[in-house]
Amino acid sequence: MDGTKMQELRELVEFLKANEIAEFDMEQADLKVRIKFAGAAAAAAPSLDLAQLSRLMSATTATTGSATGGQASAPGAPSAPASQGEAEEKLHEVKSPIVGTFYESPAPGAPSFVQIGDQVEVGQVLCIVEAMKLMNEIESDVAGEVVKRIATSGQPVEYGQALFAIRPR
């Protein structure tokens, strides 16, 4: 393997880590790569084929944010039909900024951070998304009333997946 291929492989590993992709397979004519990060949950890992990787890699040369933004439409799509009537009300969806496991409370048996009907403020913790053994507090980015909890506690969530619907004030 020449120096250019090694550098590309290093960049690929950094890209996968930065976007919290837990497992990855790639096969080209002269190269076969399988990467699985230790402690990563396979259920929470998005699967990518070579065409998707190619699009992601070309997008990362511009900006890393645009590469992950391209994936946001697919995970959010299943919740769109269920919330269509609510969308007419101008509901704001709080989306997961990372891939991980959704938890509605700080500990098992503890009360939820928020309930349906609660009034929330900007910056108020709504839930936790665990990713790679780190507990990430997800905060509300809008003030208003919690209308719907879309994710289920203990459920794997994708990047860009809707977690809550909030009616803004």
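Definitions and limits used
- Residues numbered from 1 in each chain as written.
- Predicted model: local features only at pLDDT ≥ 70, side-chain atom pairs only at ≥ 80, totals over all residues.
- Heavy atoms only, no water.
- pLDDT = per-residue confidence, 0-100.
- Helix = DSSP H or I, 4+ residues; strand = E, 2+ residues; numbered from the N terminus.
- Contact = heavy atoms within 4.5 Å.
- Salt bridge = Lys/Arg side-chain N within 4 Å of Asp/Glu carboxyl O.
- Buried < 20%, exposed > 50% of the residue type's maximum accessible area, 1.4 Å probe, protein only.
- Pairing = 2+ DSSP bridges.
- Phe/Tyr/Trp six-rings, centres within 6.5 Å; stacked < 30°, edge-to-face > 60°.
- Core = buried A, V, L, I, M, F, W, Y, C linked by side-chain atoms within 4.5 Å.
- Expected span 1.5 Å × (residues − 1).
- Arc of directions from axis to C-beta.

### Some remarks on the confidence of the model for the chain
- The predicted model of the chain averages 75 in pLDDT, with 69% of residues at 70 or higher.
- Confidence, read as mean pLDDT per element, is least for helix α3 (residues 64–69) in the chain (36) and greatest for strand β5 (residues 119–120) (96).
- Contacts from residues 40–48, a stretch scored under 50 in pLDDT, to residues over four places away or in other chains number 19 contacts.
- Counting contacts from residues 58–83, a segment whose pLDDT is below 50, to residues more than four positions away or on other chains yields 23 contacts.

### Notes on the pattern of salt bridges
- A full pass over the atoms with the stated rule returns three salt bridges.
- R149 serves as the salt-bridge partner of E104, at 3.0 Å between the closest nitrogen and oxygen. Of this pair, E104 sits in the loop between β4 (100–103) and β5 while R149 is found in strand β8 (residues 144–149), placing the two residues 45 residues apart along the sequence.
- For E104, a relative accessible area of 19% puts it in the buried group.

### Here we look at the sheet that holds strand β10 (residues 162–168)
- With antiparallel pairing, the four strands of this open sheet are ordered in space as β3-β10-β8-β5. Where the open sheet ends on each side, the last strands, each with one partner, are β3 (92–95) and β5.
- Pairing between β8 and β10: five bridges, direction antiparallel. Directly across from R149, in β10, lies its bridge partner F164.

### Topic: the packing of aromatic side chains
- A full pass over the atoms with the stated rule returns one aromatic pair.
- Their ring planes at 55° and their centres at 6.0 Å tell us that F102 and F164 sit as a pair that is tilted. A residue pair is termed long-range when its members are at least 10 positions apart, and F102 in strand β4 and F164 in strand β10 qualify at 62 residues. Accessibility classification places F102 together with F164 in one group, the buried group.

### Quick word on the nonpolar core
- In terms of nonpolar packing, the biggest core is built from 17 residues, with F102, L126, L163 and F164 touching the most fellow members.
- With four residues, strand β6 (residues 125–131) is the largest single contributor of residues to this core.
- Beyond its immediate stretch of four places on either side in the chain, L163 contacts V94, K95, S96, F102, C127, V129, I138, K148, R149, I150, A151 and V157.
- Counting ten residues, the second-largest nonpolar core is a separate cluster that includes I21, M26, L31 and F37.

### Considering helix α1 (residues 3–18)
- An ideal rise of 1.5 Å per residue puts 22 Å on 16 residues; α1 measures up with 23 Å between its terminal C-alpha atoms.
- Within α1 the residues assigned to the buried category are L12, F15 and L16. One side of α1 carries all its buried residues, which in axial view fall inside an arc of 95°. With respect to the buried face of α1, the exposed residues turned more than 90 degrees away are G3 and A18.
- Looking one or two places after α1, you find E20, whose phi comes out positive at around 55°.

### Structural notes on the sheet that holds β6
- Across the sheet, four strands lie side by side as β7-β6-β4-β9; this open sheet has antiparallel pairing. Both outer strands of the open sheet, β7 (134–139) and β9 (156–157), are each paired with one neighbouring strand and no more.
- As judged from the three bridges shared by β4 and β6, these two strands associate in the antiparallel manner. By the bridge assignment, F102 is partnered in β6 with V129.

### Things to note about the pairing of β4
- Examined bridge by bridge, β4 and β9 share two bridges and lie antiparallel to one another. When the bridges of β9 are listed, T101 appears paired with P156.

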